[in-house]
Amino acid sequence: MITTIAEIGQAHNGSLELLHKYIDAVASTGVNAIKFQTHIANAESSIHEPFRVKFSDDKTRFDYWKRMEFTQAEWIEIGAHTKRVGLQFMSSPFSNAAVDILEKAGVEQYKVGSGEVNNFLLLKKIIDTKKTIIISSGMSSYDELDRTVAFLKEHNAHFSILQCTTSYPTQPENFGLNVLAELKERYDVPVGFSDHSAKVSTGIAAVALGAQIIEFHVVLDRNQFGPDVTSSLTIEETKQLVEGVSAISEALQHPVNKKDNSAFSELKQIFEKSLAVNKTLKKGHILSFDDLEAKKPKGYGIDAIHFEKIIGQPIIKDLNQWDFLTEDAINEYE
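The rules behind each value
- Residues numbered from 1 in each chain as written.
- Predicted model: local features only at pLDDT ≥ 70, side-chain atom pairs only at ≥ 80, totals over all residues.
- Heavy atoms only, no water.
- Axes fitted to C-alpha atoms, helices over the stretch in contact; angles between N-to-C directions.
- Helix = DSSP H or I, 4+ residues; strand = E, 2+ residues; numbered from the N terminus.
- Parallel < 35°, antiparallel > 145°, perpendicular 65-115°, else oblique.
- Left-handed = near helix turned anticlockwise from the far one by under 90°.
- Contact = heavy atoms within 4.5 Å.
- Nonpolar A, V, L, I, M, F, W, Y, C, P; charged D, E, K, R; others polar.
- Expected span 1.5 Å × (residues − 1).
- 1 Å grid on protein atoms, 1.4 Å probe; cavity = no way out; pocket = protein on both sides within 12 Å on 5 of 7 lines; lining within 4 Å.
- Points joined across faces, edges and corners; volume = space filled by probe spheres on them.
- Core = buried A, V, L, I, M, F, W, Y, C linked by side-chain atoms within 4.5 Å.
- Buried < 20%, exposed > 50% of the residue type's maximum accessible area, 1.4 Å probe, protein only.
- Salt bridge = Lys/Arg side-chain N within 4 Å of Asp/Glu carboxyl O.
- Domains from an automatic or database assignment.
- Right-handed = clockwise from strand over helix to strand, strands pointing away.
- Pairing = 2+ DSSP bridges.

Caption draft 1: Representation of the packing of helix α6 (residues 120–127) against helix α7 (residues 142–154). Here α6 crosses α7 at 30°, and the two axes come no closer than 11 Å. With respect to each other, α6 and α7 are oriented roughly parallel. The two elements α6 and α7 meet at a crossing, and its hand is right-handed. In this structure, α6 contributes Phe-120, Leu-123, Lys-124 and Ile-127 to the contact, and α7 contributes Arg-147, Thr-148, Phe-151 and Leu-152. In terms of residue class, the contact of α6 with α7 is made up of five nonpolar, one polar and two charged.

Caption draft 2: Molecular detail of helix α10 (residues 235–252). A rise of 1.5 Å per residue sets the reference length of α10, with its 18 residues, at 26 Å; its end C-alpha atoms lie 26 Å apart and thus fit the reference within 8%. Those residues of α10 that are buried lie in contact with β1 (3–9), α1 (16–27), α9 (200–208), β8 (213–219) and β9 (232–234).

Caption draft 3: Highlighting the layout of surface pockets. Space inside the second largest pocket adds up to approximately 170 Å³. Along its surface, the second largest pocket is lined by Met-1, Thr-3, Gln-109, Thr-132, Ile-133, Ile-134, His-158, Phe-159, Ser-160, Pro-190, Gln-212 and Ile-213. Those elements that place two or more of their residues in the lining of the second largest pocket are β5 (132–136) and β6 (159–164). A per-class count over the lining of the second largest pocket returns six nonpolar, six polar and no charged.

Caption draft 4: Representation of empty space enclosed by the protein in the model. Applying the stated criterion across every chain yields a total of two cavities of 30 Å³ or more. Cys-164, Thr-165, Thr-170, Phe-175, Phe-193, Ser-194, Asp-195 and His-196 together form the lining of the second largest cavity. Of the residues forming the lining of the second largest cavity, the biggest block, three residues, is contributed by strand β7 (residues 191–195). When grouped by side-chain class, the residues that make up the lining of the second largest cavity number three nonpolar, four polar and one charged.

Caption draft 5: Structural view of the nonpolar core. Core analysis: the biggest nonpolar cluster contains 62 residues, and Val-26, Phe-36, Trp-75, Ile-133 and Ile-214 have the highest contact counts within it. Look past the residues within four positions of Ile-214 in its chain and what remains in contact with it is Ile-2, Thr-3, Thr-4, Ile-5, Phe-193, Gly-203, Ala-206, Val-207 and Leu-241. Counting 12 residues, the second-largest nonpolar core is a separate cluster that includes Leu-281, Ile-310, Ile-315 and Ile-330.

Caption draft 6: Summary view of the pattern of salt bridges. Taken as a whole and judged by the stated rule, the model has 14 salt bridges. Here Glu-69 makes a salt bridge to Lys-66, at a shortest N to O gap of 3.9 Å. Across the pair Arg-84 and Glu-77 runs a salt bridge whose closest N-O atoms are separated by 3.4 Å. Glu-77 sits in the partly exposed class, given a relative accessible area of 35%. Three or more residues are tied together by salt bridges with common partners; here these are Lys-268, Glu-272 and Lys-298.

Caption draft 7: Up close: the domain arrangement of the protein. Taken domain by domain, the protein holds domain 1 (3–253) and domain 2 (262–329). Just the C-alpha atoms count here: the centres of domain 1 and domain 2 sit 63 Å apart.

Caption draft 8: Focus on the pairing of β7. For β7, the buried fraction is high: five of the five residues fall into the buried class. This β-α-β element, β6 to helix α8 (residues 179–187) to β7, shows right-handed connectivity. Across four bridges, the pairing between β7 and β8 is parallel. When the sheet's bridge partners are listed, Asp-195 is paired in β8 with Phe-216. In this region the chain leaves β7, passes through α9 and returns to the parallel neighbour β8; the handedness of that crossover is right-handed.

Caption draft 9: Spotlight on the pairing of strand β4 (residues 109–112). Along β4, one buried face is formed by Gln-109 and Lys-111 and the opposite face, lined by Tyr-110 and Val-112, is buried too. With two bridges joining them, strand β3 (residues 88–93) and β4 adopt parallel strand pairing. Of the residues in β4, the one forming a bridge with Ser-91 is Tyr-110. Taking the sense of rotation as the criterion, the β-α-β connection linking β3, helix α5 (residues 96–105) and β4 turns out right-handed. Looking at chain direction, β4 and β5 are connected through four bridges and run parallel.

Structure representation (structure tokens):
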């Protein structure tokens, strides 16, 4: 089964009311889980943090994170609402303090953002919760991932890794779909794809190539404000993605055996063809390629696959146009 995760991120723009609208909207799409980001400005940032992209009226990045915060009580209600509508409650904490909040809110699984892969302090805090962990590999080299994976395995963490390109929106030449197989072979853990392309097709392609987890940003309206809007799927596109992923997942569980086509015997009889002549021919005529046609169904004349055997041979009886060419019309046929 493929796990589909819709990420809200900062799409709520600090509005608790809008966040709850997102939960209800995402619940209608068929995804398995919804993922939030849990920010506590004082614990994760400072006034010295630069804006990656200046997209808001906040004077500093610290002010922006402050505006993205929710209280402990609000997080408890967020978690309860998420579970009530049948979604798994996931979040990315950006501080140890955020983990404490999420634990009290009943979070079910943790996602570690690509900027936190080298934050072993946070990783240890998450590991100690005994919850499953999803690691995003976005900004990490293999050397860095090797150290992180070794740390996780040393502490008996249950985790998976996502191929992710930290580029918004991600262009096809940067998808890195080849990395899925590399991650699987290198670390022997479940792998997935964190998508920022804003395209339904990308996630479906990732599943076809072995992704067991698909994560993507969602947005209610591409005209709304937010840093991830251009990298997100709409609610309707999310439904299309879930449908496509489900179909591909089902297909992968039922490999077709091309060595055995016995199930098509009846259809082959109907669709395959027998040789016929395309003009009236007299006894003794030497058959050429230009005399022949192939007509349905199979079994009424010589199989079309054997046409080369009869070229250059004389026919031993008169044939009308479109008559099937049978073995008894050829002087020598084996």
